[in-house]
Structure formats: structure tokens, C-alpha cells
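Spelled out from the first residue to the last, the chains are:
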Amino acid sequence: MLIDLSLPIKNNTPEPESPKIKYFNHIEGAKNLSAAASNIFKTQITEKDFPDGRGLANEEIILDTHSGTHLDAPWHFTSQINGKKAITVDEIPLEWCYNDGVLLDFRHKQQGDAILQIDVQKALDKINYKIKPYDIVLIMTGADKYFEKDNYFSAHSGMSAEGTEYILKQGVKILGIDAWGFDRPAINMLQDFLKTKDNTFIFPAHFVGKKIEYCHIEKLANLDKIPKPFGFKIICFPVKIEKASAGWCRVVAII
């Protein structure tokens, strides 16, 4: 059984800069292709030359690499790790992206809460599981149910630095979350920073990547459809974008 854990990339979805998709139907496709062919081959071709006057449908998309379900590369977090250049999304080892999955349920946490090390340990104890190297650990908050709603940006609990570091020290290279961001909601981080002027409140889980090389997936969905907390595989190969900090990702659970 295959379970799609990805959100669609759509017009008007909740992003700081929403994707812009322009669709060309088959009639428009014939016009565009005939114009392109005429320009390239210097031969007059019109849409009437296509069977039924119809060509190939096409789309033109403008979007951020962090739109939709995507995998953040180490380069997103920092330029160097332990004196070496952080790898970009096109350099992520493929072996990281196909491994055993582990599902940790934090739906009991409140929106805006931090998922601490003790929370992770309790979740693992509850399912009687010990994390092993290269497991792909999925964090379920339930926030995907708010996708395309006004409160999607703030509908989740988020990983703390200590919780993230604890998982990574077990040899994990990829984590994923079913929320807009991996950390607590931006509004909560901002409020704490403005109150204390302590900049460790700003993207603490992301910035664990300054000292431990790892990737995380944001904007997962349908984690609740996975029927068991472990004993399944995850595929999460990102699109190969040269020198990019992230790549769009079709994440699938194989049961």
C-alpha cells in the first residue's frame, strides 16, 4: 500500500509568496507550439496543422523552493558545518531519502507548544521503539487538517532544539513534520524574541543544522493514514535544483 504524504502546489495556497500557476489548455498549446516551432525552424506552422487544432497542454509556474511539501537541505540552515561547506539539495545523498519510517504522534500538544526531548522520549516509549541510524522520523501534529485555512501558519506545535538534537544524535539524517514549519509557529517565536531579546528563540530547531548535518521535510500531510508507528518505508527524493536550499518533494509511505 502506498500513502501520499504530500500537499499539492496550488494557486492561492498559504505561503508568504503564494505559487503562481498559469495553465495553457490544448488549444493554447497548439498556438504556443506552432509559434515556437516557426521561430526555431524558420518554417510557417500554425495551430491548424495540429490534429483537431489541438496541441499539448502546459503550465508556467513561479514559486519558492519552500512552497508545498519540500525537503530543506543543510545549506538552508548554514553555509558551513564543522569547517566544511554545507550541502545543497542537489548534493543530498540518495541513501538518506529511502529508509525505514517512524511516526511519532504529538497531536496532544497545544498549538504553539515546543516538542521537547522528554516529549520525544515519551512518544518512543509509548510505541516501544528505539531509533536507529538513518530512520526517517515523522512528527505528527495534525496541522495538515488546517491546510488552506487562515490559521494554517500557526496551527501546530513545533520541534525544539533539544528535541531535534536528541533525535539526530541517534544517527537520523531526515525528519519531517505535517506543519507549515518545523519550529514552533513564527508568531510564537517572534513574541518570545521581542519579550526577551534572546535570539535563541528564532528558528532553534532549524539552527541545530549549524552543528549537526541533517535535512527536514515541511508541509507533510496524511500522517494519520499510516496504520502503524513503524515497520514501513518512506521515500522522499527532492527535485534536483542546482545549489538550492530546498527542493519540492513527493513524499510517500510504503506499507
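Keep in mind that this is a model prediction, so the values were computed, not measured. (Residues numbered from 1 in each chain as written. Predicted model: local features only at pLDDT ≥ 70, side-chain atom pairs only at ≥ 80, totals over all residues. Heavy atoms only, no water.)

Asks: Describe the pairing of strand β12 (residues 215–218), with residues and values.
Replies: Residue alternation in β12 divides its side chains into two sets, C215 and I217 and H216 and E218, and both sets are buried. Pairing of strand β11 (residues 174–177) with β12, which is carried by 3 bridges, proceeds in the parallel orientation. Within β12, the position partnered with G176 by the bridge is I217. For the segment spanning β11, helix α5 (residues 186–196) and β12, crossover handedness is right-handed. (Buried < 20%, exposed > 50% of the residue type's maximum accessible area, 1.4 Å probe, protein only. Helix = DSSP H or I, 4+ residues; strand = E, 2+ residues; numbered from the N terminus. Pairing = 2+ DSSP bridges. Right-handed = clockwise from strand over helix to strand, strands pointing away.)

Asks: Any chance you could break down the pattern of salt bridges for me, citing the residues and the numbers?
Replies: A full pass over the atoms with the stated rule returns 15 salt bridges. In this structure, E15 engages K219 in a salt bridge whose closest nitrogen and oxygen atoms are separated by 3.2 Å. With E15 in the loop between β1 (2–4) and β2 (20–24) and K219 in the loop between β12 and β13 (230–235), the pair connects residues that are 204 residues apart, well separated along the chain. A relative accessible area of 12% places E15 in the buried class. On the basis of relative accessible area, K219 is assigned to the buried category, the value being 2%. For E165, the salt bridge identified is with K211, shortest N-O distance 3.1 Å. Of this pair, E165 sits in helix α4 (residues 161–168) while K211 sits in the loop between α5 and β12, and the two are 46 residues apart along the sequence. Its relative accessible area of 18% is what places E165 among the buried residues. With a relative accessible area of 48%, K211 lands in the partly exposed category. Salt bridges sharing partners connect three or more residues here, namely D100, K132, D135 and K233. (Salt bridge = Lys/Arg side-chain N within 4 Å of Asp/Glu carboxyl O.)

Asks: I'd love a proper account of the side chain of E218, names of residues and values included.
Replies: Mapped onto the elements of the fold, E218 is located in strand β12. No salt bridge forms around the buried E218; measuring N to O, its nearest opposite-charge neighbour K219 is 5.4 Å away. In this structure the side chain of E218 is engaged in a polar contact, spanning 2.9 Å, whose partner is the side chain of H70. A distance of 3.5 Å separates polar atoms of two side chains, one belonging to E218 and the other to H206. (Lys, Arg positive; Asp, Glu negative; His and termini not counted. Polar contact = N/O pair within 3.5 Å; in protein donor to acceptor, adjacent residues only side chain to side chain.)

Asks: Run through the sheet that holds β12, naming residues and quoting values.
Replies: Taken in spatial order, the 9 strands of this open sheet run β1-β15-β13-β7-β9-β11-β12-β4-β14, and their pairing is mixed. A strand with exactly one partner marks an edge of an open sheet, and here the two such strands are β1 and β14 (246–248). Along the sheet, successive strands turn relative to each other by an average axial angle of 30°, direction set aside. Pairing analysis gives 4 bridges linking strand β9 (residues 136–140) to β11, with the strands arranged parallel. (Axes fitted to C-alpha atoms, helices over the stretch in contact; angles between N-to-C directions.)

Asks: A description of the environment of C97 should follow, citing residues and the corresponding values.
Replies: The topology assignment puts C97 in the loop between β6 (84–85) and β7 (98–105). Linking C97 and I234, residues 137 residues apart in sequence, is a C-alpha distance of 7.5 Å. In this structure C97 touches I92, I136, I174, I234, I235, C236, F237 and P238, once residues within four positions along its chain are discounted. (Contact = heavy atoms within 4.5 Å.)

Asks: Account for the environment of T13, naming residues and giving values.
Replies: Inspection of the secondary structure puts T13 in the loop between β1 and β2. The exposure class assigned to T13 is buried, which follows from its relative accessible area of 6%. Note: C-alpha distance between T13 and F237 (224 residues apart in sequence) is 23 Å.

Asks: Please give an account of α5 that cites residues and values.
Replies: Those residues of α5 lying buried are N188, M189 and D192. Considered in projection along α5, the buried side chains sweep an arc of 100° and stay on one side of the axis. One or two residues past the end of α5 sits K197, with phi positive at roughly 60°. (Arc of directions from axis to C-beta.)

Asks: Please provide a residue-by-residue account of the environment of K225, values included.
Replies: Residue placement: K225 occurs in the loop between β12 and β13. For K225, a relative accessible area of 52% gives the class exposed. In this structure, the C-alpha to C-alpha distance between K225 and Q110, residues 115 residues apart in sequence, is 21 Å.

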